[in-house]
Structures are given as structure tokens and as C-alpha cells.
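# Residue-level structural notes
Next come the chains, spelled out residue by residue.
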Amino acid sequence: MEETSDKFDFAVVADDREEVSDDLLAVYASSGDEAAFEQLFERHRRRVARIVGRFFNHSERVEEIVQEVFTKVYFALADYSSERGPSFAAWISRIAINSCYDHLRRVRRRAESSFTEEDGDLVRAHLRGGAREKDMESAVISRDLAHKLLARLSPDDRLILTLLDGQEMSVADIADMTGWSASKVKVRAHRARLSLRRVLSDFL
């Protein structure tokens, strides 16, 4: 008698994998189907890496947090339900942002100490219009400086500014992602911009 399996046979439907919804993959993955979870990983890895990359600029740290995010996703799959709220993409993005927030709170002091006098000179040059992004190298320098400047802010300030400006999320989206009210997001955004101006004023 032929045995039946409660796992999804992705080998049979390899050509149609893109047609399988995230929600269905999540159901199978939560039941222990490794192939289903691998497919979710492949679909959403770049999304998670982009989010993490907005907060951290070292590839090793980004990869470490990406792996941490998917570990959390794996163990939380049983709690996911599209009927209770956001899409799977939004759900996994929330986990990624919360993981970044946790890391920001743990590494803030170490990040502050990494800001050198040379970095300060580069910031002053950019603020005074003496630097131009003529090539890829200067663009990379600018991104690195932005990370170091933001590292001088509190985790809450950095989170808000990164989501608003880096991720270009709306106040409503941030409120939904963080669980804060829209008014709280606006107040924190205002305070974060004031904090950033104070940091920048040190170099003028």
C-alpha cells in the first residue's frame, strides 16, 4: 500500500513554486517541512537583508542578523496567520526591524567609539559642500559616514530616522510595524531630527 505524506512535494512542482503562496508555504514550514521553509528563505532573504543593511553596514553583521531573523521566523511560524493581520512579507519585515532594534540597543556604545577624527573631517567636508559624490568610492564613504552619525543617536531615534528616510515608510506603516500610535511616531520623528541636528552641529 502506497504511503501518503503530509509534506508538500516541491520536487514534483518545481516549475510552479512561484505560484505557491507564502501563506501555504508557512503552513507546511510550521509543520516541519524544510523545503517549504527553504523556499520562504529564498523569497524573503533579500528583503530582510535590505532592511538590516539600512541599520548596519558591515556584511558580517548583516549576515549574522539575517540568520537570526530567519531563526526567529522559523520558531514563530506557528503564530503567523494572514487572517489576523499583515501579509507574510510585512510580518517578516516586522521581525527584521525588531531584531535590528534589539541589536542597536546592544551595540550603541561600541559604535560611538568607532567614530574617528578623520570621520569628523569628512563630515565637515560634506556639510560645507566640499565633497562631491563623483564615484562609487565617495558614495560608499557617504553611506559609511551616515551609519556612524546615526550610531551617535539613541536606538529609538535611529530606528525612526532609518524607517522614515532609509526605508521611506509612512508614519502609518511605522506605527503598524512598531505598535506605536501615529502621534507617538510623529513626536519621536521630530525629536530624532532635533537630535541629529545637534550631532551635526558639533562639526560646524
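Along each chain, residues carry numbers from 1 onward, in the same order as the chain's sequence is written. The model is predicted, so local features are restricted to residues of pLDDT at least 70 and side-chain atom pairs to those at 80 or more, both for listing and for counting; the totals for chains, interfaces and linings are taken over all residues. Side-chain figures throughout are based on the complete set of non-hydrogen atoms in the structure, without hydrogens or water.

## Some details on the pattern of salt bridges
If the charged atoms of two oppositely charged side chains come close together, the side chains can form a pair. This is how it is decided: The term salt bridge refers to a pairing of a side-chain nitrogen on Lys or Arg with a carboxyl oxygen on Asp or Glu at a separation within 4 Å. Where helices and strands are cited, they refer to DSSP runs of H or I of at least four residues and of E of at least two residues respectively, numbered from the N terminus. Note on exposure labels: buried denotes an accessible area under 20% of the residue type's maximum, exposed denotes more than 50%, and partly exposed covers the range between, all computed with a 1.4 Å probe on protein chains only.
Counting across every chain of the model gives 9 salt bridges. Glu 63 serves as the salt-bridge partner of Arg 45, at 2.5 Å between the closest nitrogen and oxygen. Of this pair, Arg 45 sits in helix H2 (residues 34-55) while Glu 63 sits in helix H3 (residues 59-76); the two residues are 18 residues apart in sequence, bridging distant segments of the chain. Here Arg 45 falls in the partly exposed class, since its relative accessible area comes to 29%. Look at Glu 63 and you get partly exposed, because its relative accessible area is 29%.

## Considerations on the packing of helix H8 (residues 171-178) against helix H9 (residues 182-201)
Packed helices, taken two at a time, are described by the angle their axes make and the gap between the axes. Definition in use: To get an axis, fit a line to the C-alpha atoms, keeping to the stretch in contact for a helix; angles then go from 0 to 180 degrees between the N-to-C directions. In these notes the angle categories are as follows: under 35 degrees is roughly parallel, over 145 is roughly antiparallel, 65 to 115 is roughly perpendicular, and the rest is oblique. Should any heavy atoms of two residues lie within 4.5 Å, those residues are counted as being in contact. The classification used treats Ala, Val, Leu, Ile, Met, Phe, Trp, Tyr, Cys and Pro as nonpolar, Asp, Glu, Lys and Arg as charged, and all other residues, Gly among them, as polar.
At a closest axis distance of 9 Å, the pairing of H8 and H9 adopts a crossing angle of 105°. Relative to H9, the element H8 lies roughly perpendicular. Residues Val 171, Ile 174 and Ala 175 of H8 touch H9, and the partners they reach there are Ala 182, Val 185 and Lys 186. Taken together, the residues of the contact of H8 with H9 break down into 5 nonpolar, no polar and 1 charged.

## Things to note about the packing of aromatic side chains
Test applied: Aromatic pairs are defined between Phe, Tyr and Trp rings, using the six-membered ring for Trp, whenever the two ring centres lie within 6.5 Å; interplanar angles under 30 degrees are classed as stacked, those over 60 as edge-to-face, and all others as tilted.
Summed over the entire model, instances satisfying the criterion amount to 6 aromatic pairs. Consider the rings of Phe 37 and Tyr 74, whose centres lie 5.1 Å apart with planes at 85°: the pair is edge-to-face. Of this pair, Phe 37 sits in helix H2 while Tyr 74 sits in helix H3; the two residues are 37 residues apart in sequence, bridging distant segments of the chain. Given the relative accessible area of 38%, Tyr 74 is considered partly exposed. Measuring from ring centre to ring centre gives 5.1 Å for Tyr 80 and Trp 91, while their planes differ by 45°; the resulting arrangement is tilted. Residue Tyr 80 is found in the loop between H3 and helix H4 (88-113), and its partner Trp 91 is found in helix H4; the two are separated by 11 residues along the sequence. What makes Tyr 80 buried here is its relative accessible area of 12%.

## Considerations on the nonpolar core
Using the following cut-off: The criterion is simple. A nonpolar core is a set of buried Ala, Val, Leu, Ile, Met, Phe, Trp, Tyr and Cys residues joined through side-chain atoms within 4.5 Å.
Counting 43 residues, the largest nonpolar core has Phe 56, Val 73, Leu 77 and Phe 88 as the members making the most contacts within it. Broken down by secondary-structure element, the contributors of at least two residues to this core are helix H1 (22-30), H2, H3, H4, helix H7 (155-166), H8 and H9. Top contributing element to this core by residue count: H4, with 10 residues. Residues Leu 149, Leu 161, Ala 192 and Val 199 belong to the second largest nonpolar core, which totals 6 residues.

## Considering the packing of H1 against H2
Our working rule: Whether a crossing is left-handed or right-handed is set by the direction in which the near helix is turned from the far one by less than a right angle, anticlockwise for left-handed and clockwise for right-handed.
Running from N to C, H1 and H2 cross one another at 140°; their axes reach a closest spacing of 8 Å. By the criterion of interaxial angle, the relationship of H1 to H2 is oblique. The crossing of H1 and H2 is left-handed. For the pair H1 and H2, contact is made by Asp 22, Leu 25, Ala 26, Tyr 28 and Ala 29 and by Ala 36, Phe 37, Gln 39, Leu 40, Arg 43 and His 44, respectively. For the contact of H1 with H2, the residue count by class is 7 nonpolar, 2 polar and 2 charged.

## Describing the confidence of the model for the protein
Stated precisely, the cut-off is as follows: Per-residue confidence from the predictor is reported as pLDDT, a score between 0 and 100.
Here the protein averages 78 in pLDDT, while 71% of its residues score no lower than 70. The least confident element of the protein, judged by mean pLDDT, is helix H5 (residues 117-127) at 57; the most confident is H3 at 95. The low-confidence segment residues 11-15 (pLDDT under 50) makes 2 contacts with residues lying over four places distant or belonging to another chain. Long-range and interchain partners of residues 133-141, a stretch whose pLDDT sits below 50, account for 5 contacts in this model, where long-range means more than four residues apart.

## Topic: the side chain of Asp 157
Within the fold, Asp 157 resides in helix H7. Not counting residues within four places of it along the chain, the set of residues in contact with Asp 157 comprises Arg 188, Arg 191, Ala 192 and Ser 195.

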